[in-house]
Amino acid sequence: MILYRYQYSDEPVLDAIKRQEYLQPPGDRVSYVLTCPNCGPREVTDFSFGGEVNPRPHETPSPRELGAYNYFRDNVAGVQREWWFHRSGCGEWFLAERDTRTNEVLLTELPS
Ligand SMILES: [Zn+2]
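These remarks concern the structure in this document. (Residues numbered from 1 in each chain as written. Predicted model: local features only at pLDDT ≥ 70, side-chain atom pairs only at ≥ 80, totals over all residues.)

**Thoughts on the overall build of the protein**
Helix and strand content of the protein: 2 helices and 6 strands. Ordered by position from the N terminus, the helices and strands of the protein form the series α-β-β-β-α-β-β-β. Here the protein holds 112 residues, and the buried ones make up 7% of them. Within the protein, contacts between residues separated by at least 24 positions form 44% of all contacts whose residues are at least 6 apart in sequence. (Helix = DSSP H or I, 4+ residues; strand = E, 2+ residues; numbered from the N terminus. Buried ≥ 20, exposed ≤ 12 C-beta atoms within 10 Å, placed from the backbone. Contact = placed C-beta atoms within 7 Å.)

Structure representation (structure tokens):
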């Protein structure tokens, strides 16, 4: 059994949600918890996925560079940096680092 870092929280309701999610084997999970930098831990269903972080091309990109920026993604099997929007909460966009294989969220932060 894998014990996750959220198991011993001071918030009983959120702790129960997290224990239910995080004690299941990764393949059986249908949901997980994301921590909004403003609101704290919430079910992932409170958020909208904004895609992986994709650096903008320089000021005058070639058509090939612009096409790559608009249409191609790395789609890594591992940790990737992503945009998330808290649509059922504060309405803020933030960044997260998530392992795409396990849905483990390693960090969340507001963009600088
Ligand atoms: Zn929020």
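Now that the structure has been shown, the text picks up again.
**Focus: the environment of Phe72**
One can find Phe72 in the loop between α2 (63-71) and β4 (79-85). A C-alpha to C-alpha distance of 9.2 Å links Phe72 and Asn54, two positions 18 residues apart in sequence.

**Topic: unusual backbone geometry**
Positive phi outside glycine occurs at Asn75, with the angle close to 50°. Residue placement: Asn75 occurs in the loop between α2 and β4. Given 8 C-beta atoms within 10 Å, Asn75 falls into the exposed group.

**Concerning the environment of Thr102**
One can find Thr102 in the loop between β5 (93-99) and β6 (105-109). Counting along the chain gives 23 residues from Thr102 to Val79, while the straight-line C-alpha distance between them is 9.5 Å.

**Here's the deal with the pairing of strand β1 (residues 33-36)**
It is a general feature of regular strands that their side chains alternate between the two faces of the sheet. Residues of β1 alternate between two faces, with Leu34 and Cys36 buried on one and Val33 and Thr35 left unburied on the opposite face. In this structure, β1 lies alongside strand β2 (residues 40-43), joined through 4 bridges in antiparallel fashion. Pairing of Val33 across the sheet is with Glu43, part of β2. In textbook terms, the turn of a hairpin is the stretch between consecutive antiparallel strands, and for β1 and β2 this stretch comprises 3 residues. (Pairing = 2+ DSSP bridges.)

**Observations concerning the nonpolar core**
Core analysis: the largest hydrophobic core is formed by 5 residues, namely Leu34, Cys36, Trp84, Phe94 and Ala96. Excluding its chain neighbours within four sequence positions, the residues that come into contact with Ala96 are Leu34, Glu82, Trp84, Val105, Leu107 and Thr108. (Core = buried A, V, L, I, M, F, W, Y, C linked by C-beta atoms within 7 Å.)

**A look at the pairing of β6**
For β6, the buried fraction is low: 0 of the 5 residues fall into the buried class. Taken together, the 4 bridges between β5 and β6 define a ladder with antiparallel strand orientation. Bridge assignment links Leu95 to a residue of β6, and that residue is Glu109. Linking β5 back to β6 in an antiparallel pair, the connection comprises 5 residues, with Asn103 at a positive phi of about 65°.

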